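Commentary on secondary and tertiary structure
Listed below are the residues making up each chain.
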Amino acid sequence: IAAPVSGGNRRACQNQNGVNLSVTVGAGLTAQWYDALSGGTLLQDQSLTFAPPTTTVGITTYYVQAIDPLNGCFSLRIPVIFEVQPNPNASDVSLEKCDDNTDGIINFDLSLANPLLISGGGFTFSYYLTLADAQSEVNPLSTNYTNTSNNQVVFAVVKNANGCRDIAQVTLIT
């Protein structure tokens with residue numbers, strides 16, 4: 001039996017959902033996913049895809065073989081490499097600005113929160129009015145933002161060079 005053809009090695013961010021490894025096999029065949037080149041633990045049976053866990057950062061090699069479900073004959077196993085990359089670890093922060101007319105409304109430069117959210121370089125930052133917008137990364141705010149109330153909370157998405165992200169709160173204090 002011919003070995004499966006890998007859909008490619010994959011990467012994911014820690015705790016990312018919906019990431020699958022995949023293979024194609026010959027007509028009438030299916031696939032079995034293992035944690036070892038020979039022997040080992042069967043992780044997924046009779047499936048062309050496998051959703052590996054993303055809880056632990058690191059590189060894991062999975063092995064997959066084609067199998068004929070009618071007679072049990074199987075191919076050699078091929079490796080498929082899966083890398084889980086770390087998320088940045090942003091902190092909730094506050095920006096404070098003196099409100100000269102005491103109405104609680106003032107213009108903030110949200111980019112001033114960037115070095116407070118996380119230390120180091122190589123990060124990109126975007127800001128959102130709601131957590132839902134931040135999670136979906138839609139409707140970003142301008143970094144030149146006028147708050148709507150004292151102690152208003154906006155949400156910062158911090159991404160590292162791998163595209164992995166964390167979301168933190170930025171409280172705007174006037």
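Refer to the preceding data block for the structure.
All values derive from a computational prediction rather than experimental measurement.

On inspection of all chains with the given rule, the structure shows one disulfide. In this model Cys 13 forms its disulfide with Cys 164; the gap between the sulfur atoms is 2.2 Å. Measuring handedness by torsion sign, the sulfur bridge of Cys 13 and Cys 164 sits at about -90° and is left-handed. With Cys 13 in strand β2 (residues 10-13) and Cys 164 in the loop between β13 (152-159) and β14 (165-173), this residue pair connects regions lying 151 residues apart in the sequence.

Across the sheet, three strands lie side by side as β1-β3-β6; this open sheet has antiparallel pairing. The open sheet is flanked by β1 (5-6) and β6 (49-50), the only strands paired with a single partner. Here β1 pairs with strand β3 (residues 21-24) via two bridges, running antiparallel. In the strand pairing of β3, Ser 6 is matched with Val 23.

Attention shifts here to the pairing of β13. Across the eight residues of β13, six count as buried, placing the element largely inside the fold. The pairing of strand β11 (residues 124-128) with β13 spans five bridges and is classified as antiparallel. Within the sheet, the bridge partner assigned to Ser 126 lies in β13 and is Val 157. In this structure, β13 lies alongside β14, joined through eight bridges in antiparallel fashion. Across the sheet, Val 154 pairs through a bridge with Val 170, a residue of β14. From the end of β13 to the start of β14, which pair antiparallel, there are five residues, and Gly 163 there has a positive phi angle of about 85°.

Taken as a whole and judged by the stated rule, the model has three salt bridges. Taking the shortest distance from any N to any O, the salt bridge between Lys 159 and Glu 137 comes out at 3.0 Å. Pair noted here: Lys 159 is in strand β13 and Glu 137 is in the loop between α2 (131-136) and β12 (144-146), with a separation of 22 residues, a long-range link. For Lys 159, a relative accessible area of 25% puts it in the partly exposed group. Residue Arg 165 pairs with Glu 137 through a salt bridge whose shortest N-O separation is 2.8 Å. Within this pair, whereas Arg 165 is found in strand β14, its partner Glu 137 is found in the loop between α2 and β12, the two being separated by 28 residues in sequence.

The next thing to look at is unusual backbone geometry. Positive phi is not limited to glycine here, since Asn 15 has a value of about 65°. In this structure, Asn 139 is a non-glycine residue whose phi angle is positive, near 60°. Within the secondary structure, Asn 139 sits in the loop between α2 and β12.

The next point concerns the packing of aromatic side chains. According to the stated counting rule, one finds two aromatic pairs in the structure shown. With a centroid separation of 5.7 Å and 25° between ring planes, the pair formed by Trp 33 and Phe 50 is classed as stacked. Here Phe 50 lies in strand β6 and Trp 33 lies in strand β4 (residues 30-34), a separation of 17 residues in the sequence. We classify Phe 50 as buried; its relative accessible area is 6%. Ring centres of Phe 50 and Tyr 62 lie 5.1 Å apart, and the angle between their planes is 65°; this geometry places the pair in the edge-to-face category. A residue pair is termed long-range when its members are at least 10 positions apart, and Phe 50 in strand β6 and Tyr 62 in strand β7 (residues 58-67) qualify at 12 residues. Site record: aromatic cluster; members linked through ring pairs are Trp 33, Phe 50 and Tyr 62. If you follow Arg 77 out to its NZ or CZ, it ends over the ring of Tyr 34, 3.4 Å from the centre.

Rules used in this analysis
Residues numbered from 1 in each chain as written. Predicted model: local features only at pLDDT ≥ 70, side-chain atom pairs only at ≥ 80, totals over all residues. Heavy atoms only, no water. Disulfide = S-S within 2.5 Å. Helix = DSSP H or I, 4+ residues; strand = E, 2+ residues; numbered from the N terminus. Pairing = 2+ DSSP bridges. Buried < 20%, exposed > 50% of the residue type's maximum accessible area, 1.4 Å probe, protein only. Salt bridge = Lys/Arg side-chain N within 4 Å of Asp/Glu carboxyl O. Phe/Tyr/Trp six-rings, centres within 6.5 Å; stacked < 30°, edge-to-face > 60°. Lys NZ or Arg CZ within 6 Å of the ring centre and 35° of its normal.

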